[in-house]
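One letter stands for each residue in the lines below.
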Amino acid sequence: FVAVTTLMLYGVLRRREQVIDKRRESLRVAAEELQAIYDGANEAIFVRELDGRAPMVSCNHFACEMYGYDREGFMACRAGELSENIAPYDEEHAKIWCQLAIEQGPQTFEWRARRRDGTCLWVEISLRSSLIAGRSRLVFAVRDISDRKRAEAAVRRSEDRFNTVFRTSPVSMIISRVADGICIDANDAFYEQTGFSSEEVVGKSVKAAPGELWIDPVRKQEVLQEVQSKGHIQGAEAQLRRKDGRTFTGLVSFSQIAIGTDKCLVCAVLDVTAQRTMEEMLHRAERLESLGVLAGGIAHDFNNLLAGVFGHLDLAREHLYCHQTSEAQECLSDALSVFGRSRALTQQLLTFAKGGAPMRRTQAVDELVRKAVTFATSGSNCEVSITTEPHGWLCDIDGNQMGQVVDNLVINAKQAMPQGGRLQVRVEHVVSTAMPQHLPRRDHVHIVVRDNGMGIAQQDLKRIFDPFFTTKPGGTGLGLATAYSIVHKHDGHMEVDSQLGSGATFHVWLPRARS
């Protein structure tokens, strides 16, 4: 019986030892897993006693890396040694945070930490009191936020710069939220320009005060639609109204920015009333100057023609008085010839003034240009090259008038090269997206006429299309003016590029037919 009992007790104890061994192994594996997780965390984690005076209880590998210590050295550090140690980032304030965590629960705060080499960094500390191994202890989780603080500092500097520009800018500016149109802020230039006060603007809908600046609601809607589609607009001209009812011309620019979580619009208004007034005065003076040139040219040409008419008529009268009928008829024929020249001059003037009411039809431009150039250069001593694109685009044009434009440009080029030279004519297709910035955004046919003559002086370029302005002896000054008028009446554009001694290049842009 004793033997059997002994064997049974041995078996029970053996099985208990095996169970205990398995539990120990399981606990060891779990502890290793927890330690691996602990050391693999991307935050510095360490545990201290509540009084903070005793050495640390534990720390992970990342804590040693962040602070630059080995494990033994880090475990021996006090709070002051791991801090910048300048108030409020010193040991006394660290004790206050520890007490708050014990009494009020978990705390999260920013802190200036110090590494072993003396360099400091910004960290965010999550601190809480936890029951570990049957004792209340403090657990620190420390995250390096140096990058975030640098980004925040950069944002603050940017905001400071923007605020400085916003406040001191002579251009009036106003900021409103996109969601509800509420005005957030406006600068002093805005209040001075519009006459509104801060109380009337800030916190109010832009429709209540600044929105009334717009005189033309249709123009306002066009600008806002473009802002909505593009996110910005620059230099849109509009007629605006001040609080007292006076109007002014403004260049309005919009741009979207983010302020916190709000999507906002910055509106800048540049008052160009004085500039536009000066431009109008300048244009008026230029028109008067052109009108003077026009009147003088007309008077000069018609005076010469009338002198010829009266001279021939006077001779005819003398011949009739002497019964010289054939000589009188010859003088009358010469007078009629002068009348014909007068009629041609009148027709040119009508074309210049009215564009000759073009009789448009949809047709190809390249063949028209080719025929006009070939005809105008026949028998000349110029080397001519004509380049066109396959499958030429169509334009709505008056063929006779556009032929006259090409004739005038080619004749002008020939006159610029009296000793002969090279004349290049190109007809190109230009899609809307490739058009120059100052021209309408639609497809165009581009006619280029280039010569290698003496070119045009810079002071003459701005007057080259004025009627009766010419630099050629015996020229009428109506050829280019007539061509410019015809192109304008066809909704096109005409320009010239030239430098003295380098030839001249004339550009004609004609809108492509929409059909």
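Keep in mind that what you see is a predicted model, and the values were worked out from it rather than measured. (Residues numbered from 1 in each chain as written. Predicted model: local features only at pLDDT ≥ 70, side-chain atom pairs only at ≥ 80, totals over all residues. Heavy atoms only, no water.)

K.L.:
An account of the sheet that holds strand β5 (residues 135–144) is needed here, citing residue identities and associated values.
P.N.:
The antiparallel open sheet is built from five strands, whose spatial order is β2-β1-β5-β4-β3. On the outer flanks of this sheet lie β2 (58–59) and β3 (107–114), each paired with one strand and no other. The pairing of strand β1 (residues 44–49) with β2 spans two bridges and is antiparallel. Looking at β2, one finds that F46 is bridged to C59. Sheet strands touched by helix α4 (residues 91–104): β3, β4 (120–132) and β5. Its angle to β3, the strand with the most contacts, is close to 160 degrees. Helix α5 (residues 146–168) rests against β3, β4 and β5 of the sheet, and its axis sits at about 130 degrees to β4. (Pairing = 2+ DSSP bridges. Helix = DSSP H or I, 4+ residues; strand = E, 2+ residues; numbered from the N terminus. Contact = heavy atoms within 4.5 Å. Axes fitted to C-alpha atoms, helices over the stretch in contact; angles between N-to-C directions.)

K.L.:
An account of the packing of helix α12 (residues 399–416) against helix α14 (residues 479–489) is needed here, citing residue identities and associated values.
P.N.:
Where α12 contacts α14, the axes come no closer than 9 Å and their chain directions differ by 145 degrees. In this structure, α12 meets α14 at a crossing whose hand is left-handed. From α12, Q401, M402, Q404, V405, N408, L409 and N412 reach across to α14, where they touch G479, L480, T482, A483, I486 and V487. The class makeup of the residues in the contact of α12 with α14 is seven nonpolar, six polar and no charged. (Left-handed = near helix turned anticlockwise from the far one by under 90°. Nonpolar A, V, L, I, M, F, W, Y, C, P; charged D, E, K, R; others polar.)

K.L.:
Kindly report on a nonpolar patch on the surface, identifying the contributing residues and their values.
P.N.:
A contiguous nonpolar surface patch, about 280 Å² in accessible area, is contributed by F310, L313 and L332. Along the chain, F310 turns up in helix α9 (residues 273–321). (Patch = residues over 30% accessible without salt bridge, like charges linked within 9 Å, V, L, I, M, F, W, Y side chains within 5 Å. Areas by Shrake-Rupley, 256 points an atom, 1.4 Å probe, with all protein chains shown as cover. Salt bridge = Lys/Arg side-chain N within 4 Å of Asp/Glu carboxyl O.)

K.L.:
Pulling in residues and values, what's your account of the sheet that holds strand β15 (residues 444–451)?
P.N.:
One key point about sheets: their strands pair by backbone hydrogen bonds, in either a parallel or an antiparallel sense. Pairing in this open sheet of five strands is mixed, and the strands run β12-β14-β15-β17-β16 from one edge to the other. Only two strands of the sheet have a single partner each, and these edge strands are β12 (383–387) and β16 (493–498). Averaged over all pairs of adjacent strands, the angle between their axes in this sheet comes to 15 degrees, without regard to strand direction. Of the pairings in the sheet, the one linking β15 to strand β17 (residues 504–511) comprises eight bridges and is antiparallel in character. Residue pairing in the sheet places I447 in a bridge with V508 of β17.

K.L.:
Got a sec to walk through the environment of E124? Specific residues and values, please.
P.N.:
Along the chain, E124 turns up in strand β4. Accessibility expressed as a relative area gives 16% for E124, which makes it buried. Separated by 15 residues in sequence, E124 and F109 have C-alpha atoms that sit 5.7 Å apart. In this structure, E124 is in contact with T108, F109, E110, A141, V142, R143, I145 and R148, ignoring residues within four places of it in sequence. Only 2.7 Å separates the side chain of E124 from the side chain of R143, close enough to count as a polar contact. (Buried < 20%, exposed > 50% of the residue type's maximum accessible area, 1.4 Å probe, protein only. Polar contact = N/O pair within 3.5 Å; in protein donor to acceptor, adjacent residues only side chain to side chain.)

K.L.:
Can you tell me about the pattern of salt bridges, naming the residues and giving the values?
P.N.:
On inspection of all chains with the given rule, the structure shows 25 salt bridges. A salt bridge links E49 to R135, with the shortest nitrogen-to-oxygen separation between them at 3.4 Å. Pair noted here: E49 is in strand β1 and R135 is in strand β5, with a separation of 86 residues, a long-range link. On the basis of relative accessibility, which here comes to 13%, the residue E49 falls in the buried class. In this structure R135 comes out as partly exposed when scored by relative accessible area, which is 45%.

K.L.:
If you had to explain the packing of helix α11 (residues 365–377) against α12 to someone new, which residues and values would you point to?
P.N.:
Between α11 and α12, whose axes approach to 9 Å, the crossing angle comes to 45 degrees. Taken together, the axes of α11 and α12 are oblique relative to one another. α11 and α12 meet at a crossing whose hand is right-handed. The segment α11 lies against α12, with L368, V369, A372, V373, A376 and T377 engaging G399, M402, G403, V406, D407, V410 and K414. A per-class count over the contact of α11 with α12 returns eight nonpolar, three polar and two charged. (Parallel < 35°, antiparallel > 145°, perpendicular 65-115°, else oblique.)

K.L.:
Hey, could you go over helix α8 (residues 217–230) for me, with residue numbers and the actual values?
P.N.:
Given a rise of 1.5 Å per residue, 14 residues ought to cover 20 Å, and the 20 Å separating the end C-alpha atoms of α8 matches this to within 8%. Two or three places before V218, at the start of α8, stands the capping residue D216, its side-chain oxygen 3.0 Å from that residue's backbone nitrogen. Within two residues after α8, G231 carries a phi angle of roughly 90 degrees, on the positive side. (Expected span 1.5 Å × (residues − 1).)

K.L.:
Let's hear about the nonpolar core: which residues, and what values?
P.N.:
Counting residues in each nonpolar core, the largest one holds 37 residues, and the members touching the most others are V365, V369, M402, L409, M494, F506 and L510. Those elements giving two or more residues to this core turn out to be α11, β13 (394–397), α12, β14 (422–430), β15, α14, β16 and β17. Core analysis: the next-biggest nonpolar cluster, separate from the first, contains 26 residues, A44, C77, F109 and V142 among them. (Core = buried A, V, L, I, M, F, W, Y, C linked by side-chain atoms within 4.5 Å.)

K.L.:
How would you sum up unusual backbone geometry? Please name residues and give values.
P.N.:
In this structure, P88 follows A87 across a cis peptide bond, with omega equal to 10 degrees. Within the secondary structure layout, P88 lies in the loop between α3 (71–75) and α4. Non-glycine residue N85 carries a positive phi angle of around 65 degrees. With respect to the helices, strands and loops of the structure, N85 is situated in the loop between α3 and α4. A positive phi angle, near 55 degrees, is found at H391, a position not held by glycine. Locating H391 in the fold gives a position in the loop between β12 and β13.

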